[in-house]
Amino acid sequence: MSRTILIADDEAEIRELLSLYLEADGLRVLEASDGAEAVRMLGEHEVALLLLDIMMPNMDGLRTLKEIRKTHNIPVILLSAKSHDNDKILGLGLGADDYIAKPFNPLEVTARIQAQLRRYYKLGQAPEQSEPAVLTAGDLQLDPSSCTVSKHGTLLPLTSLEYKMVELMMRHPGKVFTKKQLFESIWDDFYFGDDNTIMVHISKIREKLEDDPRNPAYIITVRGIGYKFEKRIARHET
């Protein structure tokens, strides 16, 4: 199946360079020169992944990311000449799935895109496989066939990374996951003690899942170790 990548970057040379590598890797490429154009194109085309530059005129990448997360949960990889942790943390907090600092190796960008596509779209899964069962915990329902989580029947606006983290923990209720285990399972990369990345995602997930994020009932902190999905959750009457 063809996969379409949307590159949003105000530098034409970067768009052209990445397009050459991505098309050589069998991917279809669309280009946008700013955030507003990227938002419009996402509404007009079926896009598998967005490669989004942070520093753009008119509508920058972070504003664009915040806007598209209202309606799309496709993987988003941020590009930026800045290498400060604050940009990375802010981008991840707004729903980005990965972050690549400029200057970059186009082969690395291609590899990261393919990794996101494999994880998010589960490439290679046999079409005749039976659909996985819906997972239920308290008022939550996770449907693996549509990659969605709902609460009281209302879909929750989880990003792709947030969904994968919730699915991992819901499949193993009561199991304590260290930050290292979560990072390497979800990002499929080596863990270098980046606690902020996990903490930001857990915080965002709790804001969407929990009635009271400061007193979570689903995702519990195990001090000094990591997190677990509560095994026994009281069901609230509506």
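No experiment lies behind these values; they were computed from the predicted model shown. (Residues numbered from 1 in each chain as written. Predicted model: local features only at pLDDT ≥ 70, side-chain atom pairs only at ≥ 80, totals over all residues. Heavy atoms only, no water.)

Novice: So, unusual backbone geometry: which residues are in play, and what are the values?
Specialist: The step from Lys102 to Pro103 runs through a cis peptide bond, and the omega angle for that step is -5°. Structurally, Pro103 is set in the loop between β5 (98-101) and α5 (106-121). The residue Asn58 is not glycine, and still its phi comes out positive at about 70°. Looking at the element boundaries, Asn58 is found in the loop between β3 (49-53) and α3 (61-68). (Helix = DSSP H or I, 4+ residues; strand = E, 2+ residues; numbered from the N terminus.)

Novice: Hey, could you go over the environment of Ile219 for me, with residue numbers and the actual values?
Specialist: With respect to the helices and strands, the residue Ile219 is situated in strand β11 (residues 219-222). The exposure class assigned to Ile219 is buried, which follows from its relative accessible area of 0%. Separated by 14 residues in sequence, Ile219 and Ile205 have C-alpha atoms that sit 8.7 Å apart. Look past the residues within four positions of Ile219 in its chain and what remains in contact with it is Met169, Ile202, Ile205, Arg206, Leu209, Glu210, Tyr227, Lys228 and Phe229. (Buried < 20%, exposed > 50% of the residue type's maximum accessible area, 1.4 Å probe, protein only. Contact = heavy atoms within 4.5 Å.)

Novice: Account for the nonpolar core, naming residues and giving values.
Specialist: Met165, Met169 and Ile219 are the most contacted members of the largest nonpolar core, which has 28 residues in total. Broken down by secondary-structure element, the contributors of at least two residues to this core are β6 (135-137), β7 (140-143), α6 (160-170), α7 (179-186), α8 (195-209) and β12 (226-229). Looking at this core, the element that brings in the most residues is α6, giving seven residues. (Core = buried A, V, L, I, M, F, W, Y, C linked by side-chain atoms within 4.5 Å.)

Novice: Describe the sheet that holds strand β9 (residues 154-155), listing the residues and the values that go with them.
Specialist: The strand order across the open sheet built from four strands is β6-β7-β8-β9, with neighbouring strands paired in antiparallel fashion. A single partner strand is all that each edge strand has here, and the edge strands are β6 and β9. Bridge count for β6 against β7 is three bridges, and the pairing is antiparallel. Bridge pairing in β7 links Ala137 to Leu140. In the packing of α6 onto the sheet, the strands contacted are β6, β7 and β8 (148-151), and the crossing angle to β7 comes to about 105°. (Pairing = 2+ DSSP bridges. Axes fitted to C-alpha atoms, helices over the stretch in contact; angles between N-to-C directions.)

Novice: Hey, could you go over the packing of aromatic side chains for me, with residue numbers and the actual values?
Specialist: Any aromatic ring pair is given by two values, namely how distant the centres are and how the planes are angled relative to each other. Summed over the entire model, instances satisfying the criterion amount to one aromatic pair. With a centroid separation of 5.9 Å and an interplanar angle of 40°, the aromatic rings of Tyr218 and Phe229 are classed as tilted. With Tyr218 in the loop between α8 and β11 and Phe229 in strand β12, the pair connects residues that are 11 residues apart, well separated along the chain. (Phe/Tyr/Trp six-rings, centres within 6.5 Å; stacked < 30°, edge-to-face > 60°.)

Novice: Go over the side chain of Thr4 with me, naming the residues and quoting the values.
Specialist: Mapped onto the fold, Thr4 is located in strand β1 (residues 4-8). One polar contact links Thr4 to Arg28, side chain to side chain, over a distance of 3.2 Å. (Polar contact = N/O pair within 3.5 Å; in protein donor to acceptor, adjacent residues only side chain to side chain.)

Novice: Could you give an account of the packing of helix α1 (residues 12-24) against α5, naming the residues involved and the relevant values?
Specialist: Any two packed helices are characterised by how steeply their axes cross, that is the angle between the axes, and by the distance between the axes. Taken N-terminus to C-terminus, the directions of α1 and α5 make an angle of 55°; their axes are 10 Å apart at the nearest point. As judged from the angle between their axes, α1 and α5 are oblique. Crossing of α1 over α5 shows right-handed handedness. Facing α1, whose interface residues are Leu17, Leu18, Tyr21 and Leu22, α5 presents Pro106, Leu107, Val109, Thr110 and Ile113. Each residue belonging to the contact of α1 with α5 can be placed in one class, and the counts come to eight nonpolar, one polar and no charged. (Parallel < 35°, antiparallel > 145°, perpendicular 65-115°, else oblique. Left-handed = near helix turned anticlockwise from the far one by under 90°. Nonpolar A, V, L, I, M, F, W, Y, C, P; charged D, E, K, R; others polar.)

Novice: Which residues make up helix α2 (residues 35-44), and what values go with them?
Specialist: Every buried residue of α2 is listed here: Gly35, Ala38, Met41 and Leu42. The buried residues of α2 occupy an angular sector of 120° when projected down its axis, which confines them to one face. Residues Gly43 and Glu44 are exposed on α2 and point more than 90 degrees away from its buried face. Where α2 starts, the residue carrying a side-chain oxygen 3.2 Å from the main-chain nitrogen of Ala36 turns out to be Asp34. (Arc of directions from axis to C-beta.)

Novice: I'd like a description of the pairing of β12, backed by residues and values.
Specialist: Alignment of strand β10 (residues 176-178) against β12, held across three bridges, turns out to be antiparallel. Looking at the pairing, Phe177 lines up with Tyr227 of β12. The turn joining β11 and β12, which pair antiparallel and follow one another in sequence, is formed by three residues; a positive phi near 80° is taken by Gly224.

Novice: How would you sum up the pairing of β3? Please name residues and give values.
Specialist: Across the five residues of β3, five count as buried, placing the element largely inside the fold. Note: β1 against β3, four bridges, orientation parallel. Across the sheet, Leu6 pairs through a bridge with Leu50, a residue of β3. Where β3 lies against strand β4 (residues 76-80), four bridges are found, and the strand directions are parallel. Its bridge partner being in β4, Asp53 is matched across the sheet by Leu79. As for the winding sense of the linkage, the β-α-β connection from β3 through α3 to β4 is right-handed. (Right-handed = clockwise from strand over helix to strand, strands pointing away.)

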